[in-house]
Amino acid sequence: MPHFVDTSAPGSCIFCRLIAGEIPSAKVYEDEHSIAFMDLGQINPGHVLVATRQHAATLWDTTPEQAAAVMHTVHRIAAAVRAAFAPEGLMLLQANGAVAGQTVGHFHMHVVPRHADDGIAYTWPRKDPPADVLADYAGQLRAAL
């Protein structure tokens, strides 16, 4: 995980300042709802961040339209990354809240080109709940929908 953590107030976060043109960036693409720019903490060449133009701290704070616009831009950027850098794979990362690893409180996705032995590693402990527990979880989600 990156060592940088933005502690700016909502609406004046580093991404809001970048979008407003107050700080420089290596922009890749922008439209009415999203912006794509190079991550200063490049993991691999072609590592791009795609963010909402309007401040929203997390996915939960976006509208469905904003989230869809970001994913549309992610799809375009992924194609460009493939054409420009020919990665063996591609990883999309999106974190919500500090406990999930979010370091800038502005909704964004990382588009990360991947190569064998590139040093990126992430793991999680499998819980392997029994089928009845999974069915209960699914039921809770259906009720919440």
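Every chain is numbered independently, its residues counted from 1 as its sequence is written. Restriction of local features to residues with pLDDT of at least 70 applies here, the model being predicted, together with a cutoff of 80 or more for giving and counting side-chain atom pairs; totals for whole chains, interfaces and linings are based on all residues. Note that water and hydrogens are dropped before the side-chain values are worked out from all heavy atoms of the structure.

## As for the overall build of the chain
- Counting its secondary structure elements, the chain contains 3 helices and 5 strands.
- Starting at the N terminus, helices and strands are each numbered in turn, a helix being any DSSP run of H or I of at least four residues and a strand any DSSP run of E of at least two. Going from the N terminus to the C terminus, the chain shows its helices and strands as α-β-β-β-α-β-β-α.
- Taken over the C-alpha atoms alone, the chain extends approximately 50 × 35 × 30 Å along its principal axes.
- For every residue, the accessible area obtained with a 1.4 Å probe (protein chains only) is divided by the maximum for its type, and the residue is called buried under 20%, exposed over 50%, and partly exposed between those limits. Buried residues in the chain amount to 33% of all 145 residues.
- Counted over contacts in the chain with a minimum sequence separation of 6, partners at least 24 positions apart contribute 55%.
- Using a 1.4 Å probe, accessible areas were evaluated by the Shrake-Rupley method; residue-level cover was limited to the displayed protein chains. Surface exposure of the chain reaches about 9,300 Å², of which carbon and sulfur atoms provide 60%. Here, two residues are considered to be in contact whenever any of their heavy atoms come within 4.5 Å of each other.

## Side note on the side chain of T62
- Locating T62 in the fold gives a position in the loop between β3 (48-52) and α2 (64-85).
- Setting aside its immediate chain neighbours within four residues, T62 contacts T52, A56, A67 and F107.

## Topic: the environment of V70
- Residue placement: V70 occurs in helix α2.
- We classify V70 as buried; its relative accessible area is 1%.
- Spatially, the C-alpha atom of V70 lies 34 Å from that of A131, the residues being 61 residues apart in sequence.
- Leave out the neighbours within four places in its chain, and V70 touches S34, V50, A51, T52, F107 and M109.

## Re the pattern of salt bridges
- A carboxyl oxygen of Asp or Glu within 4 Å of a side-chain nitrogen of Lys or Arg is what we treat as a salt bridge. Applying the stated criterion to the full structure yields 4 salt bridges.
- The salt bridge involving R53 is made with E30; its shortest N-O contact spans 2.8 Å. In this pair, R53 sits in the loop between β3 and α2 while E30 sits in strand β1 (residues 27-30), placing the two residues 23 residues apart along the sequence.
- E30 gets classed as partly exposed once you look at its relative accessible area, which sits at 39%.
- Between D128 and R126 there is a salt bridge, with its nearest N and O atoms 2.7 Å apart. Pair check on accessibility: D128 and R126 agree, each one exposed.
- When salt bridges that share partners are traced, they join K27, E30 and R53 into one network.

## Section: the sheet that holds β1
- One bridge is not enough; two strands pair if DSSP finds at least two bridges between them. Sheet architecture is open: 5 strands sit in the order β1-β2-β3-β5-β4, paired in antiparallel fashion. Two strands lie at the open edges of the sheet, namely β1 and β4 (89-93), each paired on one side alone. Between one strand and the next, the sheet's axes are offset by a mean angle of 20°, whatever the strand orientation.
- Bridge count for strand β2 (residues 34-38) against β3 is 5 bridges, and the pairing is antiparallel. Across the sheet, M38 pairs through a bridge with V48, a residue of β3. All axes are obtained by fitting lines to C-alpha atoms, using only the stretch in contact for helices, and the reported angles, taken between N-to-C directions, cover 0 to 180 degrees.

Limitation: the analysis is restricted to geometry and does not speak to function.
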